[in-house]
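Here's the letter readout for the chains.
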Amino acid sequence: MGSPLRSVSGVRWAELRDATGAPAGGIPPLLARIAHGDEDAARLAVDELGDAVCALGFVVGEATAPAVPFLVELAATPHVSCKAELLDLLGSICQADQWHSACAADRIGRRDTSHRRQSGWEAAARRAVLAGRSVIAAVASSVRPEEATAARRLLQTMDHIPPFPESASGRPG
């Protein structure tokens, strides 16, 4: 698989905002701690990263979709100790629909460009998770039950997640 996170520096993290609205520059160091830290440091980094890419377990940000391929990569990296937690985080990202739900409930998506933008972040993040399906399927056959169970749970989520409704522009949200 090569060195994990080799292309993380190719993302312009400083220009992105995380799920809390803060600058996303703290995401690469958290990814590095997951990849290279001991088990305790990696688990703490997953918790912190969860706040940055999927706040409260259901709100994604502008930096979420760019972070997802690295989460998938780490979930497949042999020496990473917290794969189940990473897979659970990917499941939360895949299910996030806070902005789509708000737009649908209030029909604000038709007139509020910030909500359309945030709905786009959700759609991009979900597409990024779905794009990692083959990697996640490989983890589902892990000999470690906690990893395999988390991967199978994520695959089931991916299979049953309803598509986002059409946006006001007529494109999928």
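Draft legend 1. View of the packing of aromatic side chains. Taken as a whole and assessed by the stated rule, the structure comprises one aromatic pair. Pairing W13 with F70 gives two aromatic rings, centres 6.3 Å apart and planes at 50°, and the pair type is tilted. You can see W13 sitting in the segment before α1 (27-36) and its partner F70 sitting in helix α3 (residues 64-75), a full 57 residues away along the chain. With respect to burial, W13 and F70 carry one shared label: buried.

Draft legend 2. Seen up close, the packing of helix α2 (residues 39-53) against helix α4 (residues 83-95). The contact between α2 and α4 brings their axes to 10 Å, and the two run at 10°. Our classification of the angle between α2 and α4 gives roughly parallel. Here R43, V46, G50 and V53 of α2 come into contact with α4, specifically with E85, L86, L89 and I93. Looking at the contact of α2 with α4, its residues break down into five nonpolar, one polar and two charged.

Draft legend 3. Layout of the pattern of salt bridges. For the coordinates displayed, the defined rule picks out seven salt bridges. Across the pair E39 and R43 runs a salt bridge whose closest N-O atoms are separated by 2.7 Å. With E39 and R43 both in helix α2, this residue pair falls four residues apart, about one helical turn. Note that R153 and D88 form a salt bridge whose closest N and O atoms lie 2.7 Å from each other. Here R153 is found in helix α8 (residues 145-160), whereas its partner D88 is found in helix α4, with 65 residues between them in sequence. For D88, a relative accessible area of 35% translates into the label partly exposed. Connected via shared salt-bridge partners are E39, R43 and E85.

Criteria and cut-off values
- Residues numbered from 1 in each chain as written.
- Predicted model: local features only at pLDDT ≥ 70, side-chain atom pairs only at ≥ 80, totals over all residues.
- Heavy atoms only, no water.
- Phe/Tyr/Trp six-rings, centres within 6.5 Å; stacked < 30°, edge-to-face > 60°.
- Helix = DSSP H or I, 4+ residues; strand = E, 2+ residues; numbered from the N terminus.
- Buried < 20%, exposed > 50% of the residue type's maximum accessible area, 1.4 Å probe, protein only.
- Axes fitted to C-alpha atoms, helices over the stretch in contact; angles between N-to-C directions.
- Parallel < 35°, antiparallel > 145°, perpendicular 65-115°, else oblique.
- Contact = heavy atoms within 4.5 Å.
- Nonpolar A, V, L, I, M, F, W, Y, C, P; charged D, E, K, R; others polar.
- Salt bridge = Lys/Arg side-chain N within 4 Å of Asp/Glu carboxyl O.

So, to be careful, I would describe these as geometric facts and stop short of saying anything about function.
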